[in-house]
Amino acid sequence: MHRVIISGIGVEIPEPSITNEELVDSFNAWVDMENVRREASGETLLQKSDSAFIVHASGVQTRHVIEREGILDPTRMAPRIPARPDDALSLEAEFGIASARKALDHAGLEPGDIDLVICSASHHQRPYPSIAIEIQQAMGTKGAGFDMGLGCSSAAAALHIAVNLVRAGAQRRVLVTTPEIITGHLNFRDRQTHFIFGDASVSMIVEGLARGDKRPGRFEVLDTRTWTQMSNNIRTNLGYYTRAAQDDPYMINLEGNLIKQVGNKVFKEVTVAGHKFIVEFLAEHGLTPQAIRRFWLHQANARMNAMILKLSFGHEVGHDRAPMVLERLGNTAGAGAIVALSENHADMKAGDYGLLCAFGAGYSIGGALLRML
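This one's a predicted model, so the numbers in the text were calculated from it and none came from an experiment.

Peer 1: I'd love a proper account of the nonpolar core, names of residues and values included.
Peer 2: Core analysis: the biggest nonpolar cluster contains 36 residues, and L159, V174, V206, W296 and L370 have the highest contact counts within it. Counting residues per element, the ones that place at least two in this core are β1 (4-12), β4 (116-120), α6 (154-168), β6 (173-180), β7 (200-208), β8 (219-228), α10 (336-343) and β13 (364-372). In this view, V174 contacts I114, D115, L116, I118, A162, V166, M204, I205 and V206; residues no more than four positions away in its chain are not counted.

The following block contains the structure:
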C-alpha cells in the first residue's frame, strides 16, 4: 500500500462577476413583466427578490460567472455560451485545462507525467466523448480518462477514487479536474435558487509518495470516505429523456427540469448528516474535531457550515478554523471546498491535520483526512 499525496492544486475563477444587487435588479425586472401577464390571466403573482434575503438565506454577496450579460438580460436570464464545432475544444474542457495546468505547475510536473484524468463535476457539457478524454488529448497526458459526478461532492468523490487507485498501485499520478459551469443549468427565474451558484474550475494532482521523499508543504491523504442517501430535495430532471416525455420532442421544455431544491429540508437534513459524517470519520482515526487544524467544507451555505461546526465542536468556530470563500464566489458546487483549501493552507505546519468535506445532492458527502508534510 502506497502513501499518497496531493502534490498540486490549481484554481481558475472566471473574471466576470455579478453582485446581489445586479442579480436582484434583473430578476425583479422579469417579475414585473411576468406579473403583467399573470394578472391578466388570473394567475398568482410572483414575489420579488432582494439582497437582504439573499445574504440571510445563503451568505452570498457576489459570484463569478463564465458569462454575465445573458444572465442579467431580463428577456433571457441564462448565460450566452455559443456552440462550438465538434473539432474545437469544448468550453468545459477548456475550463478544466485552465485549472489543470496550474495544478501541474504547482506539482512541478508535465502533462506526460499523468496516467489518468478524472473529470468529475456536478454537470457535464455532454455525455460523450468524455470531457476527460478531450482534456487528455488536448494536454497530452497518458493512459486514460473518464467522467464522473456526484453533485456538489464530485471533487471529493473523485479524490476518493484517485487516492485509492494510486494507493493500490493501479495508477502512478492522477489528475482530478472539476470544471463547474453550473450557471448554464441554473434557473435564474426561480427566486429560491437564482442567487446560489457561481462558476469555478479546480484541479488536483494525486500521486504516490516515494520512500524517503519529504515533500514539505504538501498534504498526505491519510484516508478518504464517501456516503450517500437518496433524496429528491436537491434535484434536476433535465436529461437525455426529457425530449421523449414531450408531445413535440424537438421543442425542449425547460420548465420544472432545471435545478430545484427544498431549501429548509436540505438545511436541516444535510446539517445533521454532515455533523454525523465528520465526527464518525474522525473517530475512526482516534481524532476529534478539536484535533483538526483546519476544515475546508463545501461552500454552499454559511449558516449551515456554522451549524455543522457548532454541533461538532460544541461552540462556534471562526474563519481561521473553517475558512469560507462563499461570500465572494457563491456556491461553486464541487469546486468550492477545493478553492477554500487552495487559499487557506500556507500557514499550516508539518503534522497539522486538515479535513476536506463536501456535501450536496444525492444526498452525498465526500471527505478526505489530510496531514501537512
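Peer 1: Explain the sheet that holds strand β11 (residues 294-297) to me, using residue names and the numbers behind them.
Peer 2: A sheet is described by the order of its strands in space; here nine strands give the open sequence β5-β4-β6-β7-β1-β8-β13-β12-β11, paired in mixed fashion. Two strands lie at the open edges of the sheet, namely β5 (144-148) and β11, each paired on one side alone. Taking each pair of neighbouring strands and ignoring which way they run, the sheet shows an average axis angle of 25°. Where β8 and β13 come together, nine bridges link them in antiparallel fashion.

Peer 1: Go over the pairing of β7, please, and point to the residues and values.
Peer 2: When you tally the buried positions in β7, you get eight out of nine residues, the bulk of the element. Here eight bridges tie β1 to β7, and the two strands are oriented antiparallel to one another. Directly across from G10, in β7, lies its bridge partner S203. The pairing of β6 with β7 spans eight bridges and is classified as antiparallel.

Peer 1: Describe the pattern of salt bridges, listing the residues and the values that go with them.
Peer 2: Inspection of every chain in the model, using the stated rule, returns 23 salt bridges. Across the pair R225 and E284 runs a salt bridge whose closest N-O atoms are separated by 2.3 Å. In this pair, R225 sits in strand β8 while E284 sits in the loop between α7 (263-283) and β11, placing the two residues 59 residues apart along the sequence. The class of R225 is partly exposed, set by a relative accessible area of 24%. Bridged by salt links that share partners, the residues E34, R37, R38 and E43 form one connected network.

Peer 1: Tell me about the pairing of β1, and name the residues and values.
Peer 2: A large share of β1 lies buried, amounting to eight of its nine residues. Bridge analysis of β1 against β8 gives two bridges, and the strand direction is antiparallel. Note that in β8 the partner of I6 across the bridge is F219.

Peer 1: Please set out the packing of aromatic side chains residue by residue, giving values where relevant.
Peer 2: Overall, the coordinates contain five aromatic pairs when judged by the stated rule. Each ring, one from F53 and one from F195, has its centre 5.6 Å from the other, and the planes form 80°; the classification is edge-to-face. Note that F53 is positioned in helix α2 (residues 51-58) and F195 in the loop between β6 and β7, a separation of 142 residues in sequence. Judged by relative accessible area, which is 3%, F195 ranks as buried. Ring geometry for F295 against F313: centres 5.5 Å apart, planes inclined by 70°, an arrangement best described as edge-to-face. Here F295, found in strand β11, pairs with F313, found in helix α8 (residues 302-313); they are 18 residues apart in sequence, far enough to count as distant. Since its relative accessible area comes to 0%, F295 is described here as buried. The class for F313 is buried, based on a relative accessible area of 8%. The ring of Y250 carries the charged tip of R243 above its face, separated from the ring centre by 5.0 Å.

Cut-offs used in this document
Residues numbered from 1 in each chain as written. Predicted model: local features only at pLDDT ≥ 70, side-chain atom pairs only at ≥ 80, totals over all residues. Heavy atoms only, no water. Core = buried A, V, L, I, M, F, W, Y, C linked by side-chain atoms within 4.5 Å. Buried < 20%, exposed > 50% of the residue type's maximum accessible area, 1.4 Å probe, protein only. Helix = DSSP H or I, 4+ residues; strand = E, 2+ residues; numbered from the N terminus. Contact = heavy atoms within 4.5 Å. Pairing = 2+ DSSP bridges. Axes fitted to C-alpha atoms, helices over the stretch in contact; angles between N-to-C directions. Salt bridge = Lys/Arg side-chain N within 4 Å of Asp/Glu carboxyl O. Phe/Tyr/Trp six-rings, centres within 6.5 Å; stacked < 30°, edge-to-face > 60°. Lys NZ or Arg CZ within 6 Å of the ring centre and 35° of its normal.

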